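Here's the letter readout for the chains.
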Amino acid sequence: MAIGEHTLVALVLHQPGVLNRISGMFRRRGFNISSLTVGQSESEDLARMTFVVQGDDATVEQVTKQLYKLVDVVRVTDLDEDNSIVREMALVKVSATNQNRSEIIQISEIFRSKIVDVGAETVVIEITGDQSKIDRFIILLQPFGIREVMRTGAVAMSRGNAVTAQIDNNVSGASRVNNRPKDYDQNL
Amino acid sequence: MKLTGAQMVCESLIREGVDTMFGIPGGAILPLYQTFHQYPQLKHILVRHEQGAAMAADGYYRVTGKVGVAMATSGPGATNLVTGLATAQMDSTAIVAITGQVSRGAIGKDAFQECDITGVTLPVTKHNYLVMDIHDIPRVIKEAFYLAKSGRPGPVLVDIPKDLFTEEAEFIYPETVEIPGYNPTLEGNMSQIKKAASLINSAKKPVILSGHGAVLSRAFDEVKDLAERAQIPVITTLLGISSFPETHVLSLGMPGMHGVAYASMALDQADLIVSLGARFDDRVTGKLSSFAPNAKIIHIDIDPSVIGQNVRTQVPLVGDVKSVLQTLIPQVKQNNHEDWVQHIEEMRINHPSLRLKEKDNLTQQYIIKKISDITQGGAVVVTGVGQHQMWTAQYYTFSQPNSWVTSGGLGTMGFEVPAAMGAQVGKPDSVVWSICGDGGFQMTLSDLATIVENKLPIKFAIMNNHFLGMVRQWQHLFYEDTFTATQYSGNPDFVKLAEAYGIHSFRVTEKSEVDNAITDAMEHDGPVLIDFMVDPEENVYPMIPPGESVLEIVEEPTEEPTWR
């Protein structure tokens, strides 16, 4: 992958301050991220974060290394675009009149989104998809007058058996578990 | 065993092998200090400013390899540590700082002397902790020491609210550390080591670039083995100084902005750079696009993030320098690189960067050369930052491993006083010389009192030019001699000042007095301060202007440009 957007997923310790450590690292090292999401993973003491990072391969390599350098970061995966699912949710509040409400509903149906609130002058629509789908949806709604947009940022997961940013439990007996990929140091 | 939080801290410190701590008490950390009398094996050295505590801990770590401990109270006590922590972070030195915090119930309410010190120190520590449960104290302190000294070392701060010190709980010290996201790679990868060996074996013009990592991993024998086995000249970065004896025929000294010309030229002409724990800082590389254009690079470092950060690397090799070299050396063929070594000798003769000028004025170069001669290159030398630092790097001939203590990455003026204090505490039987600038010395001189109190026989040499010399040099070279805010016209009489502290002191104004002054200082039992009145117009050469390549190197101009 050359210059462009990379989706990274990190498994991190779920404890106070971890978001601050990670966002602070992005800020002070001058990395650009277009979105960052965080939430509980399948394990109680671990959270998963998804970053969408802009930059070339060298930048993404540095981002990955700097993430690994943070003590609270357990595992980082740079997702392969073709083999992963990336989703974002957005709530869009758009102006609606009796004349155009049905048109808005029609567009929403085409995008397989949901009307979650209908007011006298507005409609709120919930849409899920990849970023470009949401971008296109918002563009189509612009002529009606967009009042408010709330986007979650991307969450991502690899397809098939592979588990994204997984803790490696195969290493037993050792007091410390090395969770870097085995070939990590050689593929710098 | 039920203990108070304060007792837990002390018990944990003892289990980590701590015997010396530097600090200043205050309200929030007072309950901890009040338990020290129960633990006479923990010696607390009362400094005069918390910055001094952090820097003394740093100096202590650098000379002993034992984690330095600094303590401060909440708020201003803790924020005063910050410059010392940042210095340690940039130079990869192991400090554990323990700070008192306001009680848990008061956190976040702008309580008296409250400061979010874990927030403040986030970017200047390797890791930090705010402990909110007494049961976490032993584990956190164990982890703090482990993180500080393992992998790429660095400072770790542990912030403990006041009410935890007086709470009681069962004390269980963990035997092992479990940090799932942290496991530094120490052993080098075998196939990478093979590649490295084959590059070394086929190189015609190889150089070793030995950095702080070589010192931190104590790879002195290995660096020497590698250099001698294949006759590879050794260039030492600023912090790599004393990783290889400068009395050795293969030693080239320091490269870069104020390095010796032949070291920079050797890097420029090399076909292979074997980097040992160095990170290709801008002061070494200059203009990146023209740095070492013909060289392949074997980059050995314990921190994967510095590999490929600034320069392209042919063989990235993550691991501890000592361990990697031990595996690598047997695969390196004996070689003599006769032409290359001969060529470098010729450069050394044609570009004699370290020739003392025939000049009547008292110069810093002359003094440092004399200190080097009289101590036979065997002292522990501590410096501040600026001209005197560069001249010490150039003119002191370090013959002993790990005998150089300086702030390289952050470039912290004032480091010379507290770091010398920590170094002398760590090595009570060594001769410690602190080479000071008159600017830096005045930033931290309050710890002279600590030095007297603790009978530390440090020899201070103030290079007193009444200027911020390096800044003046840049104003001279790049700002048409506009000397804004660099002249120190109000310096105190440093001799009287030292005497006020009870320190033996004298002033030197003539070249002819230098030898005797140094010898007198060495013979005196306690601390000594010599006020050397040096020529303010001297500039450090060679100089590669910032952002330029070695081609732009300015060696000693035959005629000093007139600037007055």
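Residues numbered from 1 in each chain as written. Chains lettered and ligands numbered in written order. Predicted model: local features only at pLDDT ≥ 70, side-chain atom pairs only at ≥ 80, totals over all residues. Heavy atoms only, no water.

Asker: Quick question: what am I supposed to make of the layout of surface pockets here?
Answerer: In this approach, a probe sized like a water molecule rolls over the atoms, and the result shows the empty space that is left. Computed from the structure, the second largest pocket encloses a volume of approximately 790 Å³. For the lining of the second largest pocket, a count of residues per class yields 15 nonpolar, nine polar and eleven charged. (1 Å grid on protein atoms, 1.4 Å probe; cavity = no way out; pocket = protein on both sides within 12 Å on 5 of 7 lines; lining within 4 Å. Points joined across faces, edges and corners; volume = space filled by probe spheres on them. Nonpolar A, V, L, I, M, F, W, Y, C, P; charged D, E, K, R; others polar.)

Asker: Looking at this structure, I do not really get the interface of chain A and chain B. What am I missing?
Answerer: Accessible area lost on assembly of the parts is the figure often given for the size of an interface. Contact with chain A, which involves 27 residues of that partner, is made by 26 residues of chain B. Buried area between chain A and chain B, summed over both chains or domains, comes out near 2,300 Å², and the portion from carbon and sulfur atoms is 50%. A salt bridge links Asp303(B) to Lys69(A), with the shortest nitrogen-to-oxygen separation between them at 2.9 Å. Among the elements of the structure, helix H1 (18-28), helix H2 (57-69) and strand S4 (73-78) of chain A are those that each provide at least two residues to the side of chain A that touches chain B. Tallied by class, the residues present in the side of chain A that touches chain B amount to ten nonpolar, seven polar and ten charged. (Contact = heavy atoms within 4.5 Å. Buried area = accessible area lost by both parts, 1.4 Å probe. Salt bridge = Lys/Arg side-chain N within 4 Å of Asp/Glu carboxyl O. Helix = DSSP H or I, 4+ residues; strand = E, 2+ residues; numbered from the N terminus.)

Asker: Got a minute to help me understand the domain arrangement of chain A in this structure?
Answerer: Residue and element names in this part refer to chain A. We note that the domain assignment places domain 1 (1-78) and domain 2 (86-155) within chain A. At the junction of the two partners, domain 1 supplies five residues and domain 2 supplies five residues. If you sort the residues of domain 1 by the area they bury against domain 2, Ser-35, Thr-37 and Thr-50 come out on top, with a joint share of 61%. Between domain 1 and domain 2 we count zero salt bridges in total. Our enumeration of links across domain 1 and domain 2 arrives at two residue pairs in polar contact (both at pLDDT 80 or more). (Domains from an automatic or database assignment. Polar contact = N/O pair within 3.5 Å; in protein donor to acceptor, adjacent residues only side chain to side chain.)

Asker: Whenever I open this one, a negative patch on the surface confuses me. Can you help?
Answerer: All names here are of chain A. Together, Glu-5, Asp-57, Asp-78, Asp-80, Glu-81 and Asp-82 line one region of the surface with negative charge. Relative to the helices and strands, Asp-80 resides in the loop between S4 and strand S5 (84-95). Its relative accessible area of 39% is what places Asp-80 among the partly exposed residues. (Patch = residues over 30% accessible without salt bridge, like charges linked within 9 Å, V, L, I, M, F, W, Y side chains within 5 Å. Areas by Shrake-Rupley, 256 points an atom, 1.4 Å probe, with all protein chains shown as cover. Lys, Arg positive; Asp, Glu negative; His and termini not counted. Charge placed at Lys NZ, Arg CZ, Asp CG, Glu CD. Buried < 20%, exposed > 50% of the residue type's maximum accessible area, 1.4 Å probe, protein only.)

Asker: Where do I start with the pattern of salt bridges in this structure?
Answerer: Think of it this way: side chains of opposite charge can pair up when their charged atoms draw near. Under the criterion given, the structure shown has 33 salt bridges over all chains. Taking the shortest distance from any N to any O, the salt bridge between Asp72(A) and Arg21(A) comes out at 3.2 Å. Taken together, the residues span a long stretch of sequence, with Asp72(A) in the loop between H2 and S4 and Arg21(A) in helix H1 at a distance of 51 residues. One salt bridge in this structure joins Glu42(A) and Arg48(A), with 2.7 Å as the shortest N-O distance. Each member of the salt-bridge network shares a partner with another, and the members are Lys357(B), Lys359(B), Asp535(B), Glu538(B) and Glu556(B).

Asker: What exactly am I supposed to notice about the packing of helix H1 (residues 5-15) of chain B against helix H7 (residues 137-149) of chain B here?
Answerer: When two helices pack together, you describe them by how their axes are tilted relative to each other and by the distance separating the axes. Residue and element names in this part refer to chain B. Where H1 meets H7, the closest approach of the two axes is 9 Å, and the angle between their N-to-C directions is 35°. Once H1 is placed against H7, the crossing between them reads as right-handed. Of the residues in H7, those in contact with Gly-5, Met-8, Val-9, Ser-12 and Leu-13 of H1 are Ile-137, Pro-138, Ile-141 and Phe-145. Per-class residue counts for the contact of H1 with H7 are seven nonpolar, two polar and no charged. (Axes fitted to C-alpha atoms, helices over the stretch in contact; angles between N-to-C directions. Left-handed = near helix turned anticlockwise from the far one by under 90°.)

Asker: Looking at this structure, I do not really get the environment of Arg312(B). What am I missing?
Answerer: Residue and element names in this part refer to chain B. Along the chain, the position of Arg-312 falls in the loop between strand S13 (296-301) and strand S14 (315-318). For Arg-312, a relative accessible area of 73% puts it in the exposed group. Taking the C-alpha atoms as reference points, Arg-312 and Ile-298, 14 residues apart in sequence, are found 9.7 Å from one another.

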